[in-house]
Amino acid sequence: MGFTDVIKRQTKIDVVQRSRGSLSTASMSWFSWLFTLRLCSAALLLLVGSQLGLRLGLQMVQTATCTQWGTPSDQGLFKDGDVVIGGLFSLFYNPAARDNGFTELPHNKPCTGLEYLPLQYIYAMVFALEEINHSNSLLPGVKLGYHIRDSCALPSWAMQAALSLVGGDSATCDQPVPLIIGGSSSITAMILSRILAPLSIPLMSYTASCPCLSDRLQYPNFFRTMPSDIYQARAIAQIAIRLNWTWIGAVIANNDYGHVAIKVFQEETQGAGVCLAFIETVQRENIVMDARRAALTIQASTAKVILIFTWYTDVRELFLQLANINVTDKQFLASEAWSTSGNLLQDPITSKVASGVLGVAIRSSAIPGFEHFLRSLNPSLRPDDKFLWEFWEMVFGCSPGASPLSTNSPSPTDRLSQKASLPPCSGRESLEEVQNLFTDTSQLRVTYNVYLAVYASAHALHSLLSCPNRDSSPGNISSTCSSPKQIKPIEVLHHLNNLNFTTPQGEMFYFQEGNTPAKYDLVNWQNTPEGSIKVVLIGRVDGFDINLDPSAIQWNTGSNQVPVSVCSESCSPGFRKANRKGEPICCFDCIPCAEGEISTHTGSLICERCPSEFWSNAKRTACVPRQLDFLSFNETLGFILATVAVSGVSVTTAVFVVFIYYRQTPMVRANNSELSFLLLLSLKLCFLCSLVFIGRPSVWTCRFQQAAFGISFVLCVSCLKVKTIVVLAAFRSARPGAGSLMKWFGPGQQRGSVCLFSCIQVFICIVWLSLSPPVPQADLTIPGLKVTLECAMSSVVGFSLVLSYIGLLACTCLLLAFLARKLPDNFNEAKLITFSMLIFCAVWIAFVPAYISSPGKYTVAVEIFAILASSFGLLLCIFAPKCFVILLRPEKNTKKYLMAR
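Here is a short report on the structure shown in this document.

Criteria and thresholds
- Residues numbered from 1 in each chain as written.
- Predicted model: local features only at pLDDT ≥ 70, side-chain atom pairs only at ≥ 80, totals over all residues.
- Heavy atoms only, no water.
- Pairing = 2+ DSSP bridges.
- Helix = DSSP H or I, 4+ residues; strand = E, 2+ residues; numbered from the N terminus.
- Axes fitted to C-alpha atoms, helices over the stretch in contact; angles between N-to-C directions.
- Contact = heavy atoms within 4.5 Å.
- Parallel < 35°, antiparallel > 145°, perpendicular 65-115°, else oblique.
- Left-handed = near helix turned anticlockwise from the far one by under 90°.
- Nonpolar A, V, L, I, M, F, W, Y, C, P; charged D, E, K, R; others polar.
- Salt bridge = Lys/Arg side-chain N within 4 Å of Asp/Glu carboxyl O.
- Buried < 20%, exposed > 50% of the residue type's maximum accessible area, 1.4 Å probe, protein only.
- Core = buried A, V, L, I, M, F, W, Y, C linked by side-chain atoms within 4.5 Å.
- Disulfide = S-S within 2.5 Å.
- Phe/Tyr/Trp six-rings, centres within 6.5 Å; stacked < 30°, edge-to-face > 60°.
- Lys NZ or Arg CZ within 6 Å of the ring centre and 35° of its normal.

1. Overview of the sheet that holds strand β14 (residues 519-527)
And then number 1: The eight strands lie next to each other as β8-β7-β9-β10-β11-β14-β15-β16, forming an open sheet whose pairing is mixed. The open sheet terminates on both sides in strands that have one partner only, identified here as β8 (275-282) and β16 (545-548). Pairs of neighbouring strands in the sheet enclose a mean axial angle of 25 degrees, with direction left out of account.
And then number 2: Pairing of β14 with strand β15 (residues 533-542) involves nine bridges; the strand directions are antiparallel. Along β15, the bridge assignment pairs Gln 526 with Lys 534.
And then number 3: Sitting on the sheet, helix α10 (residues 287-300) is in contact with β7 (247-253), β8 and β9 (305-309), with an inclination near 160 degrees to β8.

Structure representation (structure tokens):
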């Protein structure tokens with residue numbers, strides 16, 4: 001296959017691939033290497049043949065002029081110099097060729113449809129080179145030239161133009177360019193880089209942004225002044241995080257540009273609570289149908305913020321579809337591909353649908369003197385400038401007239417015949433008052449990238465020609481200084497990799513793996529009083545640093561209030577998030593924190609438990625100190641129990657008075673009056689000890705209340721037990737042969753027995769309170785804001801021994817009284833003791849589980865209730881019948897009645 005066939009075949013491949021959108025990295029890798037294998041041999045042959053004179057045959061065939069193969073001869077701008085820099089720009093656009101497939105390369109057939117912005121890029125390169133040529137510090141004594149060609153926005157023409165630039169002109173013996181500024185798209189840049197890599201010729205792009213081009217193994221000769229798309233996707237992700245947008249829809253181009261960007265966006269927002277409500281893809285070949293589908297998805301979604309990562313032509317169709325269904329309440333996030341698009345800004349549909357757009361744009365910078373340079377351009381001063389000639393015809397609608405054209409240019413007659421319908425210009429035409437994209441220098445973005453590329457090339461050449469220490473140069477580079485006419489591309493490549501300089505604007509510039517530091521502008525579309533939309537700078541991106549002023553943004557609502565875009569409203573303090581099953585993490589329910597737990601900030605994932613000394617407030621937003629709670633005399637329960645206790649003391653005292661007053665009566669004397677008085681005294685102590693349990697516990701009250709309780713009840717039960725024993729002994733002594741039994745149960749023995757039983761309890765209490773006494777302590781285990789201050793039992797064994805001893809005396813007393821209940825006597829006290837001890841035992845058996853299960857201060861209330869209930873049971877069962885006889889039935893208060901059987 002010949003070189004011509006390779007080019008034609010490659011062009012067909014380009015057209016097919018273009019019709020399918022952007023090439024993937026894998027397909028580009030396969031295609032580029034295949035093409036390189038075919039093309040490099042031809043390219044090298046042309047270069048080597050030029051140097052060895054093997055192209056003399058071609059020169060003999062050409063009679064007057066020679067042209068580069070397959071490239072229109074008038075599609076270029078040339079200026080000679082000591083060193084010539086190549087330039088490739090997509091100046092012309094031929095829609096007819098793209099619509100009908102364009103399967104064959106046109107030979108010497110020019111493109112049509114000149115575009116203003118690419119023309120501005122060309123003159124930015126020309127301006128920068130002229131500025132450098134007039135510099136005394138940069139490349140002094142070296143004149144830079146340029147060979148600028150148009151690629152017609154076709155990778156196939158870009159390949160031809162690049163080979164023409166690196167191969168030189170066979171007729172005029174022009175030297176090949178050592179460097180090319182070009183590759184207006186990522187696809188073109190990948191193809192050109194692969195083709196030029198075997199020749200070590202640097203390619204510096206000003207717009208190619210595909211992250212794949214950062215791979216130095218595949219593209220070792222590629223450089224760019226345009227940041228990788230990774231950085232703008234990261235910037236947009238950080239903006240979404242900063243503005244608290246957690247529910248975002250996305251519309252992306254169905255190619256590497258869109259898919260890589262959305263992947264980086266998701267990676268950057270992972271863990272930050274940002275979710276994508278949907279991802280819609282659009283493809284240029286089916287843009288109407290895809291845009292309609294995406295518009296319906298946007299309309300149905302609850303997401304208020306929509307991220308669009310595609311070309312401005314796709315966005316224009318999407319906005320049209322949104323306008324048709326009246327969707328005007330969405331806030332759009334724009335990628336650099338359309339954030340500053342003049343076509344969208346001038347479209348009336350845009351102002352209806354997409355006001356307040358917030359976007360990332362290629363960073364802008366002023367170029368001093370550039371506007372004056374543009375407005376001073378005139379075909380009469382640049383007769384060989386065919387680009388300026390055609391631009392003049394488009395702007396002023398007249399022909400500048402015949403100009404002395406260089407060789408290979410159409411004759412004046414041919415040129416005039418092409419524009420025969422245009423009148424000649426008067427010569428007074430000027431760009432001073434012209435306002436269009438070409439003359440607009442208010443925001444130089446891609447233009448500034450071209451400007452930087454020229455300066456980067458100049459500084460690399462300056463470093464090369466200034467003869468630095470060459471010992472660090474590669475071994476294949478001569479150790480002698482290069483002259484401008486002997487520059488090798490590999491030397492330029494080496495110095496570009498080590499480049500570091502300060503731009504005329506005062507910025508540090510360097511290449512890191514072929515990339516420049518990521519810098520972007522953050523722009524906002526704002527409505528003007530005239531009803532149009534203007535692009536306003538509201539922040540900048542410098543690497544990973546984002547400087548954004550939200551107050552300067554005009555949102556789609558027309559206000560300065562940041563719009564809210566969430567699937568679920570953030571949980572306020574006092575609540576926590578609970579994810580919904582099967583839904584993204586941004587969609588959740590808000591669950592109130594449990595008691596004792598709090599959440600102090602918005603959007604809490606968990607509720608934090610308060611320390612044991614604190615409890616949550618009513619709103620569950622703060623931990624407050626727990627309030628000490630205890631059974632006090634001021635509350636109803638404490639007051640009632642205290643009243644009952646005082647009543648018991650009063651009744652006991654009344655009974656005591658009655659017994660004192662009637663102490664000589666048979667009823668009092670017959671029942672061991674001494675033990676009865678001692679029993680009344682112990683009952684009074686039982687009633688009084690319950691009062692010690694009420695009130696704020698202290699160290700001494702905690703010790704005294706249990707000792708008083710234990711000793712009082714032992715004294716009371718001991719009296720009853722001795723009384724029961726005396727009853728049994730009295731009846732037993734009445735039997736024959738048992739007369740001496742009562743001498744063992746005289747008054748002294750009775751008092752001694754009561755004292756012995758009581759001393760045992762006193763000993764137990766002394767040991768218990770000495771070794772491990774109860775202490776006042778807050779019961780923090782019980783939930784609630786109020787915590788009970790109680791006397792905590794440091795030793796359960798001690799308290800158990802006190803209760804067990806009382807229970808032992810009570811059980812033996814009950815058993816003895818039960819045995820004596822049927823003794824033949826008209827007034828048998830054993831019956832009364834039996835009933836009283838039954839009540840006493842029932843109360844204290846029920847007390848144990850109630851005491852254990854009662855919470856907080858109710859534990860104390862249960863113990864007080866048990867004391868009062870058992871005390872009243874003993875008092876009423878034993879003394880109520882006696883008082884009834886003494887006071888109401890005095891006729892029965894006789895010895896005869898009492899002794900009757």
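2. Let's talk about the packing of helix α19 (residues 636-661) against helix α26 (residues 858-888)
And then number 1: With their axes 10 Å apart at the nearest point, α19 and α26 run at an angle of 25 degrees to one another. As far as their axial angle goes, α26 and α19 are roughly parallel. Here α19 and α26 pass one another in a crossing that is left-handed. On α26, the residues touching Leu 637, Leu 641, Val 644, Ala 645, Ser 647, Gly 648, Val 651, Thr 652, Val 655, Val 658 and Phe 659 of α19 are Tyr 858, Ala 861, Ile 864, Leu 868, Phe 872, Leu 875, Phe 879, Lys 882, Cys 883, Ile 886 and Leu 887.
And then number 2: When grouped by side-chain class, the residues that make up the contact of α19 with α26 number 18 nonpolar, three polar and one charged.

3. With respect to the pattern of salt bridges
And then number 1: Within this structure, the stated rule accounts for 16 salt bridges.
And then number 2: Between Arg 363 and Glu 507 there is a salt bridge; the shortest N-O distance is 3.1 Å. Of the two residues, Arg 363 sits in the loop between β11 (358-362) and α14 (370-375) while Glu 507 sits in the loop between β12 (500-502) and β13 (508-510), which places them 144 residues apart along the sequence.
And then number 3: Residue Arg 363 is classed as buried on the basis of its relative accessible area, which comes to 10%.
And then number 4: Taking the relative accessible area as the measure of exposure, Glu 507 reaches 23% and is therefore partly exposed.

4. Let's talk about the nonpolar core
For soluble globular proteins, the rule of thumb is that nonpolar side chains tend to be buried together.
And then number 1: Tyr 123, Met 125, Leu 144 and Leu 496 are the most contacted members of the largest nonpolar core, which totals 72 residues.
And then number 2: Those elements that provide at least two residues to this core are β2 (83-89), α5 (116-133), β3 (144-150), α14, α15 (386-396), α17 (446-465) and α18 (489-497).
And then number 3: Here Met 125 is in contact with Ile 85, Gly 86, Gly 87, Phe 89, Tyr 146, Ile 148, Ile 181, Val 450 and Val 454, once residues within four sequence places are set aside.
And then number 4: With 70 residues, the next largest nonpolar core counts Leu 680, Cys 689, Phe 709 and Leu 875 among its residues.

5. As for the state of the cysteines
And then number 1: Taken as a whole and judged by the stated rule, the model has eight disulfides.
And then number 2: Note that Cys 571 is cross-linked by a disulfide to Cys 590, the S-S spacing being 2.1 Å. Handedness here is read from the sign of the S-S torsion; for Cys 571 and Cys 590, about -95 degrees, the answer is left-handed. Pair noted here: Cys 571 is in the loop between β16 and β17 (575-579) and Cys 590 is in strand β18 (residues 588-592), with a separation of 19 residues, a long-range link.

6. A few points about the sheet that holds strand β23 (residues 627-629)
And then number 1: Overall, mixed pairing links the three strands, which are arranged β23-β25-β24 in an open sheet. Edge positions in the open sheet fall to β23 and β24 (775-779), since each of these has one partner strand only. Adjacent strand axes in the sheet meet at a mean angle of 40 degrees when their direction is disregarded.
And then number 2: Here three bridges tie β23 to strand β25 (residues 786-792), and the two strands are oriented parallel to one another. Looking at the pairing, Asp 629 lines up with Thr 788 of β25.

7. As for the packing of aromatic side chains
And then number 1: Under the counting rule described, the total for this entry stands at 37 aromatic pairs.
And then number 2: When the centroid spacing of 6.4 Å and the interplanar angle of 20 degrees are considered together, the rings of Phe 370 and Phe 373 count as stacked. Residue Phe 370 and its partner Phe 373 are both found in helix α14; the two are separated by three residues, about one turn of the helix.
And then number 3: With a relative accessible area of 0%, Phe 370 lands in the buried category.
And then number 4: Of the residues examined, Phe 373 reaches a relative accessible area of 9% and is grouped as buried.
And then number 5: Ring centres 6.3 Å apart and planes at 50 degrees place the aromatic pair Phe 840 and Trp 844 in the tilted group. Here Phe 840 pairs with Trp 844, and both are found in helix α25 (residues 829-853), just four residues apart, close to one helical turn.
And then number 6: Judged by relative accessible area, which is 12%, Trp 844 ranks as buried.
And then number 7: Here the aromatic cluster, defined as three or more aromatic residues joined through ring pairs, consists of Phe 709, Phe 713, Trp 768, Phe 799, Phe 840, Trp 844, Phe 847 and Tyr 851.
And then number 8: Here Arg 216 stacks its cationic end above the ring of Phe 223, 5.0 Å away from the centre of that ring.

8. Side note on the pairing of β9
And then number 1: Burial analysis of β9 places five of its five residues in the buried class, which makes it a mostly covered element.
And then number 2: Burial of β9 is two-sided: the residues Val 305, Leu 307 and Phe 309 facing one way and the residues Ile 306 and Ile 308 facing the other way are all buried.
And then number 3: One ladder, built from five bridges, connects β7 with β9; its direction is parallel. Looking across to β9, one finds that Ile 248 is bridged to Val 305.
And then number 4: Summarising the sheet, β9 and strand β10 (residues 331-334) pair through four bridges and their orientation is parallel.

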